[in-house]
Structures are given as structure tokens and as C-alpha cells.
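Structural description and commentary
Each chain, letter by letter, is given below.
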Amino acid sequence: METVKEKKEIPEKGTAMKISGAEAIIHCLLAEGVDLIYGYPGGAIMPVYDELYKFQDKLAHILTRHEQGATHAAQGFARATGKVGVAMATSGPGATNLVTGLADAQIDSTPMVCITGQVPRHLLGSDAFQETDIIGISTPVTKWNYQITQASEIPEILAKAFYIAKSGRPGPVLIDITKNAQFEEFEFHYEPCKGVRSYKAVPQPNIDAITEAANLINKAKKPYIVFGQGVILGEAEKELKALVEKAGIPAAWTILGLSAMDTEHPLNVGMVGMHGNYGPNILTNECDVLIAIGMRFDDRVTGSLDTYAKQAKVIHFEIDPAEIDKNVKADVAVLGNAKETLELLLPKIQPNTHTDWHDEFKKKYKIEYEAVIKNDVHPTKAGLTMGEVIEEINLASNNKAVIVTDVGQHQMIACRYAKFNQSKSNITSGGLGTMGFALPAAIGAKMGAMHREVVAIIGDGGYQMTIQELGTIFQNKTPVKIVVLNNEHLGMVRQWQELFFESRYASTVMTNPDFVKIAEGYHIKAKRVKERKDLKTTVQEMIASKEAYFLEVCVEKEDNVFPMIPSGASVSDIRLK
């Protein structure tokens, strides 16, 4: 880090002092407990970076190699820690490069505050150099946004930004600050935001709805829980486990819910969705009470809505009223934070086991194991499979690693076979499906959880979308582990082309560079594995490394991910081959 030429002091809480808008931004961040931000400087945000230089002993800035990388790193940090991630960029292209990360954070409910510079107020609307209407552009992909045009607005607006980003159903907020507001001086005073008029972050639980839900659960013969990320965001992991164990209810996860419950728990029956497990999908249409907790009935979970769980009474535990009845009609809607509502539910639940119902899941698992799992994790063919790589990582890390995945076949395989015994361990791009997410997100996750092993699992396609962030790893000596599963194709698109487009592989074959040499060019230790005999020892070496490590595994070029629910089909139509 550079030598600090001038150190600035933080004003005591409750006191006022005359400072510039740029310095006020730093004080606001520090007051919110921020000690790490990601970003990329430029002309319109330069006054803030100048203040960052003076405060670098209190607030670390990580220079990513692209603004999109800054947003994904902030997302990874937020997902691993539960805190608000912060990213910063200049105006124009710097601001527009944040949009993909904002959209990803919006749909996956990730708390993030992005700060952008903007041209001076008097130039707004004049098509000045590097002026874009980032407020208009980002409105559909943010929980809230605002343009500050005078310095005196900064404390109140930034306090509001952090409150909105982290409260209720979390999400991204963008604050655009004109350059004149960064230079202007004013009497600074900061008060954290404790509420916003007309914005109710967490609905008040309805006791009658909770009682009605309990009655349905107690009378059910085949109850079934599907839990999502709302359990993690609401810190309701213990309450979920208590409900599952007391009522003896089989529970399945969405990909964002993965790690909220120990994957080895006997009542954890697997993953729902397009590439989820056979039993959890098939038996959705056989349960009599479906209990959805902190999930939003995404189309990749439900398949055809016309045939989804029509026989079941649906209980929906959800913090966001907008999600109730949006996709699936709820017989009982329980609004509120999952931790609070489950705590209220538990005393009303009668102990049960539902042994015969559990046996149905076990039977379906045996079918899937013989048809799919055995060949994925313990293959007899010569070529390496993605599943066996994930299994070796499980063994080497003792199921304790944070797994950060990109988007594609490797993502589905990792979510199917990664094993977790700790929450906040699965970080992936769910709703938006952003290729290029994993590498920068893994950087943020590792910086947020330095005590944990962080492994990025990436396909050869998505890896090259943000490969420049190897420079961020090198510069900051971030000991993240990177595994590229190289099948020389855009694998998921190729699979669909094989199954539904008569194997016409239009623009999905990848001619790749030497990934090992590229990693070594960034002074990152790197190895390539092509044969099974080398896999275990190399994975063990990677996990044991105290520094960053890149591992390329050359896997079968035309392996497919099964089970699979064809797009638009019923969950009952899941295919094993």
C-alpha cells in the first residue's frame, strides 16, 4: 500500500465539521462499518479517490480490473459475510459496466451499495464527456437509486442507501454523485437511517396465518418443505432445522438455499429444479402440503405452472409481499422474516416422523443413483467427469469450503454434488445466470471470510469473461483457489443443442488458450490434470496451498447434466437420460 501523506481523523459521533462532499462520503462509509470496497477510478469520481488515499489506513480499496468485477466481488463479499458489499466507479462507461452486477444482485437479493461519479450538475443533460443517465439505466435493476447534486444531501442519502440495501428483502442500491457535490464543502453530520416513510422493510407476522399453517402441517400425511435463500438472509437456519426435525418433514433446497441446512442431514433430500434430484422433483406433485420457505417459485424450480403441485395445499413463508401469489397461489401466506415466523410456528407443531413418506424419497434416490449419480461421481469410463472433481474437493476440504460457481453445466454439477456443513457456503449467480460471476465473486468471498477455504468452480467459457481479475488476485495476494472444468465447449448450450437441436453445435465449440500459462503469467501457481490418477493428489495440494492456486481439469467434452426437466415441462417429466 502507498505511503499515506496525510491522515484524516474521523469526527466524533454526533459532532459536526465542515468538510468536502468527497470526504463526507468516506465518513459515511466508515460510520456504516465499511472497511473494504471494490472499484475502479476515473475523472468523475476522482475527488472521492483522493480522499480514499488519505483514509487508506481505515478503509481498504481493492482495484479490480473491470467495474463488473467490482460488483461481483462486492456480491461475493456480501454473500459470504451477510454484510453490505460496496463498489465504486466513475461516470459513463464506468457506471454502465456496473449494470450486470446490479441486475444480478437485484434478482438474487444481495445487499450492495454502488457509488458512481457523475459530471458536474451544470452539465447534466448536455451530453458532456462520459455522461450517461445511470439513474434511468439502473432503475429497473436496483432496489433504490438516487442522484446527489449537492454535498449537503450526502449523509442522509447514503444512510438511507445502506438501510434500504440491507433491510427486509436485501438488494442493490446505486447512488450517483455529481462532481460539484464532491468538491463542495458543508457542515457534516451523520445519523444512521432507522426507517423510511412508506417503506415497510419487514411485514408484521399474522398469528392467525401461522396457526392456520401449523394446522395444515399437523394434519398432513405427505408434507414437504422447499427452502430458499430467504432462510440464509433471515438467519433462520436453526429454526428450519428445528421444524424439519420436530415435524419429520423431508426438505429440499433451491440452488440459492443450498447450505442453509447440512447437506448430509438425513431429512435433507436434495435439490429441486431443472437439474435437481429425481425424488424432490417427482414428489412435488405427490405431496399434500407444500411448505415454501424463503423461495420465490422461480420457473427453473416449478417447470410448467399448470401442473406444479396442483394436488397440494401451499404454505408460503416470505418476507416480500410482491412474491405472494406471483407464480404459485398460496393457500396460506405467512409474511415476515423467516427466523421470526418459524419461531412463532414451532410451538404449534406436533412431533411426527412420516416414515412411509420418507421411504418414497429413498426409493427415488436409489433410482437416480443407479441411473446418474454413480456415473457422475464414481465413473468407470476413462474420461474425467465434473462430478468426481467436486467429490474430490469435498473430501480434501472436509465439506467446509465455500464453493463459488459460475453459470453452466459445472454450476449444476457443483450444486448437485458439493457438500456443506456450514451456512453461506454456496455462492452462485442464480436468477440472472451471469457468466463471469465466479472469479471476482470468489475474490470478494475470500476477503470477507479469510478464515475459510474458498474454491471457485468455473467453466472454460465463463472463466474467460472475467479472466482479467487474476490481476486482482495477484496484486492483493488473495489465496483463492480456482478450478476450471474445461470441456472445450459452452457446455450447457451444447447440451441443449444436442438434445433439442439435433446436435447442431452452433457457436459452442471453444478454442481455448493455455490457461496454465496465463495463470503463471500472473504469478499464480497452476497445474493441469488430464488423467484420473493425478486428480486426488493435485486437489489435495491445491486445498493445502496457503496461496492462490489455479487448477485446470480437462473433463469429458460431451457429458450432459442429468436429471433434467425440459424447458416448460412438468416437474413430473424429469428425465434421467
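Rules used in this analysis
- Residues numbered from 1 in each chain as written.
- Predicted model: local features only at pLDDT ≥ 70, side-chain atom pairs only at ≥ 80, totals over all residues.
- Heavy atoms only, no water.
- Phe/Tyr/Trp six-rings, centres within 6.5 Å; stacked < 30°, edge-to-face > 60°.
- Buried < 20%, exposed > 50% of the residue type's maximum accessible area, 1.4 Å probe, protein only.
- Salt bridge = Lys/Arg side-chain N within 4 Å of Asp/Glu carboxyl O.
- Helix = DSSP H or I, 4+ residues; strand = E, 2+ residues; numbered from the N terminus.
- Core = buried A, V, L, I, M, F, W, Y, C linked by side-chain atoms within 4.5 Å.
- Domains from an automatic or database assignment.
- Contact = heavy atoms within 4.5 Å.
- Pairing = 2+ DSSP bridges.
- Axes fitted to C-alpha atoms, helices over the stretch in contact; angles between N-to-C directions.
- Expected span 1.5 Å × (residues − 1).
- Polar contact = N/O pair within 3.5 Å; in protein donor to acceptor, adjacent residues only side chain to side chain.
- Buried area = accessible area lost by both parts, 1.4 Å probe.
- Nonpolar A, V, L, I, M, F, W, Y, C, P; charged D, E, K, R; others polar.
- Right-handed = clockwise from strand over helix to strand, strands pointing away.

1. Focus on the packing of aromatic side chains
- Overall, the coordinates contain 11 aromatic pairs when judged by the stated rule.
- Aromatic pair F186 and F188: ring centres 6.2 Å apart, planes at 80°, arrangement edge-to-face. Of the two residues, F186 and F188, both sit in the buried class.
- Within the aromatic cluster, the residues linked to one another by ring pairs are F186, F188 and Y190.

2. Overview of the pattern of salt bridges
- For the structure shown, the criterion picks out 28 salt bridges.
- A salt bridge links D50 to K54, with the shortest nitrogen-to-oxygen separation between them at 3.4 Å. Placement of the pair is D50 and K54 together in helix α2 (residues 46-54), with a separation of four residues, close to one helical turn.
- Since its relative accessible area comes to 41%, D50 is described here as partly exposed.
- With its nearest N and O atoms 2.8 Å apart, the salt bridge here joins E552 to R528. Linking E552 in strand β20 (residues 549-554) with R528 in strand β19 (residues 525-529), this pair joins segments that are 24 residues apart in sequence.
- Of the residues examined, E552 reaches a relative accessible area of 3% and is grouped as buried.
- Its relative accessible area of 35% is what places R528 among the partly exposed residues.
- In this structure, a network of salt bridges that share partners links the residues R169, D320, E323 and K326.

3. Quick notes on the nonpolar core
- In this structure, Y224, I225, F227, L290, I293, L345 and V483 are the most contacted members of the largest nonpolar core, which totals 98 residues.
- If you count residues domain by domain, this core takes at least three from each of domain 2 (207-360) and domain 3 (382-554).
- Here I293 is in contact with I225, V226, F227, G228, V231, L240, L243, F317, A338 and L342, once residues within four sequence places are set aside.
- With 50 residues, the next largest nonpolar core counts I427, I443, A445 and I473 among its residues.

4. A short note on the sheet that holds strand β18 (residues 481-486)
- Sheet architecture is open: six strands sit in the order β16-β15-β17-β18-β20-β19, paired in parallel fashion. Edge positions in the sheet fall to β16 (426-428) and β19, since each of these pairs with one other strand and no more. The average angle at which neighbouring strand axes cross in this sheet is 20°, direction not considered.
- Pairing of strand β15 (residues 402-405) with strand β17 (residues 454-459), which is carried by four bridges, proceeds in the parallel orientation. Note that in β17 the partner of T405 across the bridge is I457.
- Here helix α16 (residues 386-397) sits on the sheet and contacts β15, β17, β18 and β20; the angle it forms with β18, its principal contact strand, is near 160°.
- Against the sheet, helix α23 (residues 535-544) engages β17, β18, β19 and β20, with an angle of about 160° to β20.

5. As for helix α3 (residues 67-81)
- The end-to-end C-alpha distance of α3 is 21 Å, a good match for the 21 Å that 15 residues give at a rise of 1.5 Å each.
- Counting buried residues along α3, 14 of its 15 residues qualify, which places the element largely inside the surrounding structure.

6. Thoughts on the side chain of N281
- By secondary structure assignment, the location of N281 is in helix α12 (residues 278-282).
- In this structure N281 comes out as buried when scored by relative accessible area, which is 1%.
- Apart from residues lying up to four places away in sequence, N281 is in contact with M271, V272, G273, G276, V301, I565, V571 and I574.

7. Section: the side chain of Q411
- Relative to the helices and strands, Q411 resides in helix α17 (residues 409-417).
- With a relative accessible area of 5%, Q411 lands in the buried category.
- There is a polar contact of 3.3 Å between the side chain of Q411 and the backbone oxygen of D406.
- Sequence-distant contacts of Q411, defined by excluding residues within four places in its chain, comprise I255, T405, D406, T428 and S429.

8. Thoughts on the domain arrangement of the protein
- For the protein, the assigned domains read domain 1 (17-188), domain 2 (207-360) and domain 3 (382-554).
- A C-alpha centroid distance of 30 Å is found between domain 1 and domain 3.
- Interface area for domain 1 against domain 3, summed over the two sides, is near 1800 Å², with a carbon-plus-sulfur share of 62%.
- On the surface where domain 1 and domain 3 come into contact, there are zero salt bridges.
- Run the count over domain 1 and domain 3 and you get nine residue pairs in polar contact (both at pLDDT 80 or more).
- Of all the secondary-structure elements, those providing two or more residues to the side of domain 1 that touches domain 3 are β2 (36-39), β3 (60-63), α3 and α5 (99-107).
- Examining the composition of the side of domain 1 that touches domain 3, we find that 10 residues originate from one element, α3, more than from any other.
- Of the residues assigned to the side of domain 1 that touches domain 3, the class counts are nine nonpolar, 10 polar and four charged.

9. Overview of the sheet that holds strand β7 (residues 172-178)
- Spatial ordering of the open sheet is given by β3-β2-β4-β5-β7-β6, a layout of six strands whose pairing is parallel. One side of each edge strand has no neighbouring strand; the edge strands of this open sheet are β3 and β6 (144-148). Direction aside, the axes of adjacent strands within the sheet are offset by 20° on average.
- Note that β2 and strand β4 (residues 85-89) share two bridges and pair parallel. If you follow Y38 over to β4, its bridge partner there is A87.

10. Some thoughts on the pairing of β2
- The alternating pattern of β2 places L36 and Y38 on one face and I37 and G39 on the opposite face, and all of these are buried.
- The pairing of β2 with β3 spans four bridges and is classified as parallel. In the strand pairing of β3, I37 is matched with H61.
- What joins β2 to β3 is α2, and the crossover it makes is right-handed.

11. Concerning unusual backbone geometry
- With an omega of 0°, the peptide bond running from F562 to P563 counts as cis.
- Inspection of the secondary structure assignment puts P563 in the segment after β20.
- Of note, N399 is a non-glycine position whose phi angle comes to about 60°, a positive value.
- Along the polypeptide, N399 turns up in the loop between α16 and β15.
- By relative accessible area, N399 is classed as buried at 17%.

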